[in-house]
Amino acid sequence: MSNRITHWIDGKFYAGPADRTGPVFNPATGEQTGTVDLASTDVVDVAVSVAVAAGKTWAQTSLTKRVAVLFEFRELLNARKDEVIALITAEHGKTLEDARGELSRGQEAVEFACGIPHLMKGSYSEGVSTGVDVYSIRQPLGVVGIISPFNFPAMVPMWFFPIAIATGNTVIVKPSEKDPSVVNYIAELWKEAGLPDGVFNVVHGDKESVDRLLTHPDVKAISFVGSTPIAKYIYETGTAHGKRVQALGGAKNHMVVLPDADLDLAADSAVNAGFGSAGERCMAISALVAVEPVADELIAKIAQRVSTLTLGAGVTNSDMGPLISAVHRDKVRGYIDAGVEAGATLVVDGRKPEISDEALSAGYFLGATLFDNVTPDMSIYQEEIFGPVLCVIRVATYEEALKLVNEHPYGNGTAIFTNDGGAARRFQHEVQVGMVGINVPIPVPMAYYSFGGWKASLFGDTHAHGAEGVHFFTRGKVVTSRWLDPSHGGLNLGFPTNG
Ligand code: NAD
């Protein structure tokens, strides 16, 4: 095993030695498939100085030329889709179909960024005072850091870097050290697309590299996605060092099913959103709030569907792949044990999954797990599990369901299933969550809207991509200009007013 995964700085792979490295695994087999370099502070400093230098030219490059590179990148990404998807599956473990879905959602952000000439337009007011015009422009920030989680190794960085680059910034991506290869492949595509060296850089690493990005005076903004404790740390440390920070955190997404809902649609949706990608999605449904009398019938429908799910390597046509690591698999299993101990009813137990393929016996698999009679005090309800575990909470009324969602510390996504438009409309208005689905279980906004949660699911006030993304990666400037003929009169020491 000699697959060294190293940094991409100034348009090439880093040639220097690594003080520290980490292992990269194929989660389906448990085999180590590579070794990733973990950047020291010095390596991050090299990347930042390269990005600062590249920014001097890139920020001055015309919108037309910047967009030409983006269009070329979009074409290359499309042409090499299968290679990208294979890399995601090899190190993350998700199925190829799921990886394809991830990539296509990331591509939307690239396509959105291709429209940057329109998105960056300012405004102009002629004649605000005699001979005076006012106009606004938006300019890039400089070097921006993007720190991403393991669960969407391609899509999450792509929420940010197309817009950051299109708006004239230079970028340093710090991918998850668990599945680092796909961003390196993307870096090579950027080069092929004609992006000047040093505009897109990748440093691999852990806390040491992240801390350097957070404190380096030449890094002007940080976009982070990951778990809530780290998101909070990133926000506090980055802002204390004068940076603009958006830090997206964890989730516990509730799906409310009202008595009038189509229960087959609700059951399909609960299974898709609860167990897709083995529950390792920040928009996964993990708490199903059944408003009685639907619970018995709905749980039976879900359990029947779960019994048909197949488990296997992501490269095969199975429904669910493995979890990311043995440590994470054991943590999720620990939550299932805790749920049983706390008195929840275990309807489907995924702790001993059936895997027929001997080659996968050391893979990090866990089967779909369904709990009934979960109560709000249980850890399986309070905490983010981030695995294939769906908890059903029974309530008597809509009001009780709403109260549960609103009192939960997380506020990333939620969904309501009902055929009553009035109830849905009331829910969308009253619920304290950033992204809401109506008969849609995973309401991930299109790239021209913005993605982000409320409460402990996001630190900072700017969501990802869409208009807010353009705003995040630029700063505004307002110009007041006077072009008068030479007969404008003499001195006036008063504060400027309109007239
Ligand atoms: P994580 O918080 O462990 O890691 C995220 C990033 O932070 C990685 O790049 C990692 O190297 C770095 N990091 C980890 N510990 C650090 C530390 N102590 N100091 C500095 N940097 C550190 O998250 P993860 O396990 O990779 O991803 C799963 C989490 O991400 C889940 O909580 C999930 O809900 C969340 N997530 C949220 C969204 C969203 O949009 N809100 C999207 C995807 C994932």
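Bear in mind the structure is a predicted one, so any value in this text is a computation, not a measurement. (Residues numbered from 1 in each chain as written. Predicted model: local features only at pLDDT ≥ 70, side-chain atom pairs only at ≥ 80, totals over all residues. Heavy atoms only, no water.)

K.L.:
Residue-level account of the overall build of the protein chain, with values.
P.N.:
If you tally the helices and strands in the protein chain, you get 16 helices and 23 strands. Against the 2.2 N^0.38 benchmark of 23 Å for 499 residues, the protein chain shows a C-alpha radius of gyration of 25 Å, consistent with a compact globule. If one aligns the C-alpha atoms of the protein chain with their principal axes, the spans along those axes are about 85 × 60 × 40 Å. For the protein chain, buried positions account for 55% of its 499 residues. The long-range fraction of contacts in the protein chain, counting pairs at least 24 apart against all pairs at least 6 apart in sequence, stands at 73%. Of the roughly 20700 Å² that the protein chain leaves accessible, carbon and sulfur atoms contribute 53%. Once the 40 positive and 56 negative side-chain charges of the protein chain are each reduced to a mean point, those two points are 7 Å apart. (Helix = DSSP H or I, 4+ residues; strand = E, 2+ residues; numbered from the N terminus. Rg over C-alpha atoms; globule rule 2.2 N^0.38 Å. Buried < 20%, exposed > 50% of the residue type's maximum accessible area, 1.4 Å probe, protein only. Contact = heavy atoms within 4.5 Å. Areas by Shrake-Rupley, 256 points an atom, 1.4 Å probe, with all protein chains shown as cover. Lys, Arg positive; Asp, Glu negative; His and termini not counted. Charge placed at Lys NZ, Arg CZ, Asp CG, Glu CD.)

K.L.:
Just give me the short version of the packing of aromatic side chains, but keep the residues and values in it.
P.N.:
Applying the stated criterion across every chain yields a total of 12 aromatic pairs. Ring geometry for phenylalanine 161 and phenylalanine 200: centres 5.0 Å apart, planes at 75°, overall edge-to-face. Placement of phenylalanine 161 in helix 6 (residues 155–166) and of phenylalanine 200 in strand 10 (residues 200–202) is noted, with a sequence separation of 39 residues between them. A single burial state applies to phenylalanine 161 and to phenylalanine 200, both of which are buried. (Phe/Tyr/Trp six-rings, centres within 6.5 Å; stacked < 30°, edge-to-face > 60°.)

K.L.:
Residues and numbers for helix 8 (residues 207–215), please.
P.N.:
Listing the buried residues of helix 8 in full gives Ser209, Val210, Leu213 and Leu214. The arc enclosing the buried residues of helix 8, seen along the axis, measures out at 140°, which places them on a common side. Those residues of helix 8 that are buried lie in contact with helix 1 (41–58), strand 8 (143–147), strand 9 (170–174), strand 11 (219–225) and helix 9 (228–240). (Arc of directions from axis to C-beta.)

K.L.:
Tell me about the sheet that holds strand 7 (residues 132–140), and please be specific about residues and values.
P.N.:
One open sheet holds the 3 strands; their spatial order is 6-7-23, and the pairing between them is antiparallel. Among the strands making up the open sheet, the edge pair consists of strand 6 (124–129) and strand 23 (474–482). Each strand axis lies, on average, 30° off the axis of its neighbour in the sheet, ignoring direction. For strand 6 and strand 7, the ladder comprises 3 bridges, and the chain directions are antiparallel. Opposite tyrosine 124, over in strand 7, you have tyrosine 135 as the bridge partner. (Pairing = 2+ DSSP bridges. Axes fitted to C-alpha atoms, helices over the stretch in contact; angles between N-to-C directions.)

K.L.:
Describe the site of the ligand, listing the residues and the values that go with them.
P.N.:
Around the ligand lies a shell of 26 residues, among which Ser148, Glu177, Ser227, Gly249 and Glu384 are the nearest. Here phenylalanine 150 contributes a backbone N or O atom positioned 3.0 Å from an oxygen atom of the ligand. The contact in question runs from a nitrogen atom of the ligand to an N or O atom on the backbone of glycine 249, over 2.7 Å. For the shell around the ligand, the elements supplying multiple residues, two or more each, are helix 8 and strand 11. Looking at the shell around the ligand residue by residue, the classes come out as 14 nonpolar, 8 polar and 4 charged. Each of domain 1 (4–249 + 457–479) and domain 2 (253–438) accounts for three or more of the residues forming the shell around the ligand. (Near = heavy atom within 4 Å. Polar contact = N/O pair within 3.5 Å; in protein donor to acceptor, adjacent residues only side chain to side chain. Nonpolar A, V, L, I, M, F, W, Y, C, P; charged D, E, K, R; others polar. Domains from an automatic or database assignment.)

K.L.:
Give a description of the layout of surface pockets that names residues and reports values.
P.N.:
In this structure, the largest pocket spans a volume of roughly 950 Å³. Around the largest pocket, the lining comprises 42 residues; the ones closest to its centre are Phe150, Lys178, Gly226, Ser227 and Ile230. Mapped by element, the contributors of at least two residues to the lining of the largest pocket are helix 8, strand 11, helix 9 and helix 12 (326–342). With 5 residues, helix 9 is the largest single contributor of residues to the lining of the largest pocket. Residues that form the lining of the largest pocket fall into these classes: 21 nonpolar, 12 polar and 9 charged. Residues lining the lining of the largest pocket come from more than one domain, with at least three contributed by each of domain 1 (4–249 + 457–479) and domain 2 (253–438). (1 Å grid on protein atoms, 1.4 Å probe; cavity = no way out; pocket = protein on both sides within 12 Å on 5 of 7 lines; lining within 4 Å. Points joined across faces, edges and corners; volume = space filled by probe spheres on them.)

K.L.:
Describe the environment of isoleucine 163, naming the residues involved and giving the relevant values.
P.N.:
Looking at the secondary structure, you find isoleucine 163 in helix 6. In this structure isoleucine 163 comes out as buried when scored by relative accessible area, which is 0%. As for isoleucine 163 and serine 125, which are separated by 38 residues in sequence, their C-alpha atoms are 27 Å apart. Non-local contacts of isoleucine 163, meaning those with residues more than four positions away in its chain, are made with Phe112, Ala113, His465, Gly466, Gly469, Val470 and Phe473.

K.L.:
Report on the packing of helix 2 (residues 63–79) against helix 4 (residues 96–113), specifying residues and quantitative values.
P.N.:
Following both chains from N to C, one finds helix 2 and helix 4 inclined at 160°, their axes separated by 9 Å at the closest point. The angle between helix 2 and helix 4 places the two elements in the roughly antiparallel class. Once helix 2 is placed against helix 4, the crossing between them reads as left-handed. In contact with Leu70, Phe73, Arg74, Leu77 and Asn78 of helix 2, helix 4 contributes Leu103, Gln107, Val110, Glu111 and Ala113. The residue makeup of the contact of helix 2 with helix 4, split by class, is 6 nonpolar, 2 polar and 2 charged. (Parallel < 35°, antiparallel > 145°, perpendicular 65-115°, else oblique. Left-handed = near helix turned anticlockwise from the far one by under 90°.)

K.L.:
Any chance you could break down the sheet that holds strand 15 (residues 345–348) for me, citing the residues and the numbers?
P.N.:
Read from one edge to the other, the open sheet built from 7 strands follows the order 15-16-17-14-13-19-20, with strand pairing classed as mixed. Looking at strand neighbours, the two that pair on one side only are strand 15 and strand 20 (435–438), the edges of this open sheet. Neighbour to neighbour, the strand axes of the sheet diverge by 20° on average, direction disregarded. Alignment of strand 16 (residues 369–372) against strand 17 (residues 389–395), held across 3 bridges, turns out to be parallel. Note that in strand 17 the partner of threonine 369 across the bridge is valine 389. Each of strand 13 (253–257), strand 14 (285–291), strand 15, strand 16 and strand 17 is contacted by helix 11 (residues 295–306), which is oriented at about 170° to strand 17, the strand it contacts most.

K.L.:
Which residues make up the domain arrangement of the protein chain, and what values do they have?
P.N.:
How big an interface is tends to be stated in terms of the accessible area lost upon association of its parts. Taken as a whole, the protein chain is organised into domain 1 (4–249 + 457–479) and domain 2 (253–438). Computed from C-alpha coordinates alone, the two centres of domain 1 and domain 2 are separated by 31 Å. Contact with domain 1, which involves 20 residues of that partner, is made by 24 residues of domain 2. Carbon and sulfur atoms supply 60% of the area buried between domain 1 and domain 2, which totals about 1800 Å² over both sides. Counting the contacts that link domain 1 with domain 2 gives 1 salt bridge. With a shortest N-O distance of 2.7 Å, arginine 281 and aspartate 98 are connected by a salt bridge. Viewed at the interface, domain 2 and domain 1 are joined by 8 residue pairs in polar contact (both at pLDDT 80 or more). For the side of domain 1 that touches domain 2, the secondary-structure elements that each account for two or more residues are helix 3 (81–92) and helix 4. The greatest single-element share of the side of domain 1 that touches domain 2, amounting to 3 residues, is contributed by helix 3. Tallied by class, residues from the side of domain 1 that touches domain 2 come to 6 nonpolar, 9 polar and 5 charged. (Buried area = accessible area lost by both parts, 1.4 Å probe. Salt bridge = Lys/Arg side-chain N within 4 Å of Asp/Glu carboxyl O.)

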